[in-house]
Amino acid sequence: TMLAFLIKACVKALQKFPEFNASIDGDNLVYKKYFHIAFAADTPNGLMVPVLKNADQKSLTQIARETGELAAKARDGKLGPADMSGGCISISSLGGIGGTAFTPIVNAPEVAILGVSKSAIKPVWDGKAFAPRLLLPLSLSYDHRVIDGAEAARFTAVGHRIVHGGTGFDHPVLVDDGESDYNLTMIHARLVSENPTLVDLLVVEGKKLVYYTAHIV
C-alpha cells in the first residue's frame, strides 16, 4: 500500500535530517541511530500506534507485509507494549476517511509526525496548460523546541523529491537522489487504493529505484 512507500520516504528524510530522528527525555535530547517508524491504526478500540522496527533494513514487500500484520494485531487487540514502543517518527493517514488536511498531534517523546490526507486528481499548471495530476496532501507537525519551521519545510521537500513527479499510478517515479545505497535498484509496483494489499514488485537491473505512485506535494 502507499504506507510502505511513505515509510521508505520517511527513512530517507530522517537520514538526511537527524534532528527529526530524536526524542526528548526530561532535559535531554536523545538522537537515535535506528529507524523505527510508527503508524496510526484505526481499530474498534480506538487509535493504536504500532511501530515497524528497523525500517531502513527492509524491502518494500517486507514493510507492506509487516505493517499489514501489525495493523491486524491492532484490530484484534493483540498488540503488546513492545509493538508500540521505540518509534522515531509517526505517520497518521486519514486518506480512507477523506479530507484535504489536518493537524496530527506529535506522539511524545517523538518530535515529529507526518499526516497523510486523501489523494485526489487536481489540475496542475505545467507551464503551458493545466494537466490532471493525482495529488497526495501531507501535513507535518513537529516540536518547535527541537525543529524550526525552515528545517521542517526542508524535511517535507526531501520527502517530495523522494516520492515525486508522477501523474498518477500509471507513471514511473524516480526514488533516488544519488545518495541511495539500494542494491535492488529498479522496481515497478501495483497499488490498489482503499483496500490493504500486498505490493507486487518486478526487480529490474539498473542504478535507480523506480515505482508507480501518486504525486506528493
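Everything here concerns the structure above.
What counts as what
- As a convention, each chain's residues are numbered from 1 in the sequence order in which they are written.
- With pLDDT at 70 or above as the cut-off, local features in this predicted model cover only qualifying residues; side-chain atom pairs require 80 or more to be listed or tallied, and sums for whole chains, interfaces and linings still use all residues.
- Side-chain calculation: all heavy atoms of the structure are included, whereas hydrogens and water are not.
- Working definition: helices are DSSP H or I runs of at least four residues, strands are E runs of at least two. Numbering for both runs from the N terminus.
- To sort residues, take the accessible area from a 1.4 Å probe on protein chains only and compare it with the maximum for the residue type: under 20% means buried, over 50% means exposed, and anything in between is partly exposed.
- The contact criterion used throughout is that any non-hydrogen atoms of two residues lie within 4.5 Å.
- Per-residue accessibility takes into account occlusion by the displayed protein chains alone, with areas from the Shrake-Rupley method and a 1.4 Å probe.
- Only buried residues count toward a nonpolar core, which is a set of Ala, Val, Leu, Ile, Met, Phe, Trp, Tyr and Cys residues joined through side-chain atoms within 4.5 Å.
- Only the stretch in contact is used when fitting a helix axis, every axis being a line fitted to C-alpha atoms; angles between N-to-C directions are given from 0 to 180 degrees.
- Orientation is classified from the angle alone, with under 35 degrees giving roughly parallel, over 145 giving roughly antiparallel, 65 to 115 giving roughly perpendicular, and any other angle giving oblique.
- In this scheme the handedness of a crossing depends on how the near helix is turned from the far one: anticlockwise by less than a right angle means left-handed, clockwise means right-handed.
- Classification convention: Asp, Glu, Lys, Arg as charged; Ala, Val, Leu, Ile, Met, Phe, Trp, Tyr, Cys, Pro as nonpolar; all other residues, Gly among them, as polar.

Trainee: I'd love a proper account of the overall build of the protein chain, names of residues and values included.
Mentor: Looking only at helices and strands, the protein chain has three helices and 16 strands in total. By the burial criterion, 41% of the 217 residues in the protein chain qualify as buried. Put simply, of all contacts in the protein chain between residues at least 6 apart along the chain, 58% involve residues at least 24 apart. Total accessible area computed for the protein chain in this model is approximately 11,500 Å², and 56% of it derives from carbon and sulfur atoms.

Trainee: Can you explain the nonpolar core? Please cite residues and give values.
Mentor: Ranked by internal contacts, the top residues of the largest apolar core, which has 38 residues, are Ile7, Leu14, Phe20, Ile37, Ile89, Ile91 and Phe155. Contributions of two or more residues to this core are made by helix H1 (2-16), strand S3 (37-39), helix H2 (60-75), strand S7 (89-93), strand S8 (112-116) and helix H3 (149-162). With ten residues, the single largest contributor to this core is H1. In this view, isoleucine 7 contacts Ile37, Leu52, Ala55, Ile63, Thr67 and Ile91; residues no more than four positions away in its chain are not counted.

Trainee: Lay out the packing of H1 against H2 with the relevant residues and their values.
Mentor: Axis separation between H1 and H2 bottoms out at 9 Å; the angle between their running directions is 120 degrees. In terms of orientation, H1 lies oblique with respect to H2. Considering only the axes of H1 and H2, their crossing is right-handed. Of H2, the residues touching H1 (which contributes Leu3, Ala4, Phe5, Ile7 and Lys8) are Leu60, Ile63, Ala64 and Thr67. Considering only residue class, the contact of H1 with H2 consists of seven nonpolar, one polar and one charged.

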